[in-house]
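The primary structure of each chain is shown beneath.
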Amino acid sequence: MSDNVQFEVSEGSGIVRLDRPRAINALSPQMLQEVDAQLRAWIDEDAIERVELRGEGERGFCSGADVRAIRELVSTQPEEAVAFFEHEYELDALIATYPKPVTALIHGISMGGGLGLALHAAEVVSAPDLVLAMPETTIGLFPDVGIDWQLSRAPGQTGAYLAMTGTSIDAGSALWAGMVDRVAGDLPEGPCQLETDAVWVDECFAGDDATAIVARLEEHSDGRARGAGALLRTKSPLSVCVALEAVRRAESMSDVGEVLAQDLVLARNFVADSDFCEGVRAQLVDKDRNPVWSIARIEDVSRDRVEQMFR
């Protein structure tokens, strides 16, 4: 057992505590394996009536997977990188279908792989300080961990907007979008930011053509829409186009398992050939924030290149 995950039993609840607060509980392969093994063991324990997922530290529930470690695997042991994604998605599927009620208590920074654990729980309870995002297009990946199930069912075009841009949202916006079930605490009065933005989001993010979407954003009268267009220009063009396609395909899927199966196909193809290593280098290794993407512009990503990633 590592020191990065703690388990306890209290009054019928099996409690999982991610305990790597200095890294905002970034998920390592060992952490995923330990959580998976404990959850499976608790299924057959009559004393465990329910499960709670928590993250230690004030900064947040979980910042996601340890992408620097995954980048190293992609570069040196790509088969191990694929294995990481396989194990991660298996755990996400286990939580989504767990035979006992699972409650995720999330706070602060809650992103990426952390949302794969939390948002598939039977109940998701957010603290008011939530900062929720799937920022994968920033590092040349795609919003994975089955999150397209929730994104494809968010109001209007909200899901496509969040998937493509990786925009962070607060607790009120997460509640409005259906990403969390309730907020344990007070929220500001009035409409949340995401609800306010829905007017231009629904106008601009309709359809399945990323080129048309960015053009509408850049030409829009609303400054926040133009800002979203500028933000998209900083992301991996391939990732942006794949993110849109993945959300659209998820709209017709029947359950989280089907979305996770799509994610695994994408993960294998991204490990084989994508902007992931360059994106992580620019954001988290060298931190120059100046990635050189394999395809320069969204307009240059062909339909065939996108479809290749789903094969």
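Here is a short report on the structure shown in this document. Values in this document were obtained by computation on a predicted structure and should not be read as measured data.

**What to know about helix α6 (residues 158-165)**
Along α6, eight of the eight residues are buried, which leaves the element largely enclosed by surrounding structure. Among the residues of α6, those classed as buried are Thr158, Gly159, Ala160, Tyr161, Leu162, Ala163, Met164 and Thr165. Where α6 is buried, its residues contact α5 (148-151), α7 (171-176), α8 (193-204), α9 (210-219), α10 (223-232) and α11 (237-250). Within two residues after α6, Gly166 carries a phi angle of roughly 70°, on the positive side.

**Re the pairing of strand β2 (residues 13-18)**
Of all six residues in β2, five are buried; the element is thus mostly enclosed. By the bridge criterion, six bridges tie strand β1 (residues 5-10) to β2 in an arrangement that is antiparallel. Its bridge partner being in β2, Gln6 is matched across the sheet by Arg17. Once β1 ends, the chain turns through two residues before running back antiparallel as β2, passing Glu11 with a positive phi of about 50°. Taken together, the six bridges between β2 and strand β3 (residues 50-55) define a ladder with parallel strand orientation.

**Focus on the environment of Phe205**
Mapped onto the fold, Phe205 is located in the loop between α8 and α9. Looking at Phe205, the relative accessible area reads 0%, which means it is buried. When near neighbours in sequence (up to four residues on either side) are disregarded, Phe205 contacts Gln157, Ala160, Tyr161, Met164, Thr165, Trp200, Ile213, Arg216, Leu217 and Arg248.

**Quick notes on the sheet that holds β3**
In spatial order, the strands read β1-β2-β3-β4-β6-β8; together these six strands make up an open sheet with mixed pairing. Every other strand in the sheet has two partners, leaving β1 and β8 (182-183) as the edge strands with one partner each. Bridge count for β3 against strand β4 (residues 102-106) is three bridges, and the pairing is parallel. Of the residues in β4, the one forming a bridge with Glu52 is Thr103. Contacts from helix α1 (residues 29-43) reach β1, β2 and β3 within the one sheet, and its direction differs from that of β1 by about 20°.

**Description of the pattern of salt bridges**
Close approach of charged atoms allows side chains of opposite charge to pair. Inspection of the entire model under this criterion finds 23 salt bridges. The residue Arg20 makes a salt bridge to Asp66 at a minimum N-O spacing of 3.4 Å. One end of the pair, Arg20, is in the loop between β2 and α1; the other, Asp66, is in the loop between β3 and α2 (67-76), and 46 residues separate them in sequence. By relative accessible area, which is 18% here, Asp66 ends up buried. One salt bridge connects Arg233 with Glu299, and the closest N-O pair in it is separated by 2.8 Å. Of this pair, Arg233 sits in the loop between α10 and α11 while Glu299 sits in the loop between α13 (276-285) and α14 (303-308), and the two are 66 residues apart along the sequence. Overall, Glu299 belongs to the partly exposed group, its relative accessible area being 29%. Each member of the salt-bridge network shares a partner with another, and the members are Glu245, Arg249, Arg303, Asp304, Glu307 and Arg311.

Cut-offs used in this document
Residues numbered from 1 in each chain as written. Predicted model: local features only at pLDDT ≥ 70, side-chain atom pairs only at ≥ 80, totals over all residues. Heavy atoms only, no water. Buried < 20%, exposed > 50% of the residue type's maximum accessible area, 1.4 Å probe, protein only. Helix = DSSP H or I, 4+ residues; strand = E, 2+ residues; numbered from the N terminus. Contact = heavy atoms within 4.5 Å. Pairing = 2+ DSSP bridges. Axes fitted to C-alpha atoms, helices over the stretch in contact; angles between N-to-C directions. Salt bridge = Lys/Arg side-chain N within 4 Å of Asp/Glu carboxyl O.

None of this, on its own, says anything about what the molecule does.
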